[in-house]
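Per-entry structural report
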Amino acid sequence: MPVALITGASRGLGEATARALAGRGWSLVADARRGADLTDALRGLPRVIAIPGDVTDPGHRAQLAASVARLGRLDVLINNASSLGPSPLPALRDYDLDELRRVQETNLLAPLALIQLLAGPLTASGGTIVNISSDAAVEAYPGWGGYGSAKAALDHLTAVLAAEEESLRCYAFDPGDMRTEMHQLAFPGEDISDRPEPVSVVPALLRLIGERPPSGRYRAGDLSSGNEMVQVAS
Ligand SMILES: NC(=O)c1ccc[n+]([C@@H]2O[C@H](COP(=O)([O-])OP(=O)(O)OC[C@H]3O[C@@H](n4cnc5c(N)ncnc54)[C@H](OP(=O)(O)O)[C@@H]3O)[C@@H](O)[C@H]2O)c1
């Protein structure tokens, strides 16, 4: 039975992905900071170990790794939990540096810390790392300098990891705009009902995990069924 660890699984893309994988027979380790939301979101799903906590907390990451160790294998690590930073999004000249450090801790350092902790079981299974990216990693949108620079660094980290870890598949996956809490925070007070639901992105992510193309950066739109898989330069 394949095993995945997915961070930020209480709502949005993380929850939709957790539901899809659990429905396909995967065992899951999942987290989010708000424990009640996590329990509510994943209630009734089989073979899910839900561990409330913050990915920036080394003790919590150790708990996640201990659960993986108890399951005895790890096939896929999905670093999905992410911080947008302050809302409304500040211009870089006004960006509070402590806020920026928190964004980088969540979006860059915590994913690497989990990769380091779980490198053993991932290597043993010839596994897959999916770091959830964003178009803000490659486009220069005003206000997105904190979040976007952390995602750009995550993309580059993923590319270097791919060069170092030949036995693994290492992906940066850009899901595109989704109607989620994070997206609403990025556009406070705006109607975001025209954005697609996160569940619409899941088939592309499942295709990436299932078909295991060469390591690289992929956009959800390029992985829609019927499309040839195209890797995107970061
Ligand atoms: N929505 C978009 O338009 C969009 C576009 C491009 C990329 N993305 C990326 O897609 C991914 C999913 O985003 P989303 O829109 O689905 O977000 P979301 O709906 O806001 O969900 C974020 C999830 O991560 C958890 N989380 C946040 N910080 C955490 C932390 N420090 N430790 C553990 N869990 C944490 C949240 O639960 P708690 O708050 O309870 O911790 C929640 O479960 C992110 O990597 C995001 O950057 C989103």
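The text that follows walks through the structure, step by step, so that each part is easy to find. (Residues numbered from 1 in each chain as written. Predicted model: local features only at pLDDT ≥ 70, side-chain atom pairs only at ≥ 80, totals over all residues. Heavy atoms only, no water.)

**Section: unusual backbone geometry**
- The step from S87 to P88 runs through a cis peptide bond, and the omega angle for that step is 0°.
- Within the secondary structure layout, P88 lies in the loop between β4 (76–79) and α4 (97–125).
- Look at R212: it is not a glycine, yet its phi comes out positive at around 50°.
- Given a relative accessible area of 28%, R212 falls into the partly exposed group. (Helix = DSSP H or I, 4+ residues; strand = E, 2+ residues; numbered from the N terminus. Buried < 20%, exposed > 50% of the residue type's maximum accessible area, 1.4 Å probe, protein only.)

**Description of the pattern of salt bridges**
- Counted according to the given criterion, the structure contains 13 salt bridges.
- R11 is paired through a salt bridge with E181; the nearest N and O atoms lie 3.2 Å apart. Placement of the pair is R11 in the loop between β1 (3–6) and α1 (12–23) and E181 in helix α6 (residues 181–186), with a sequence separation of 170 residues.
- By relative accessible area, R11 is classed as partly exposed at 32%.
- When its relative accessible area of 38% is taken as the criterion, E181 is described as partly exposed.
- Across the pair D222 and R219 runs a salt bridge, and its minimum N-O distance is 2.9 Å.
- Members of the salt-bridge network, linked through shared partners, are R11, R34 and E181. (Salt bridge = Lys/Arg side-chain N within 4 Å of Asp/Glu carboxyl O.)

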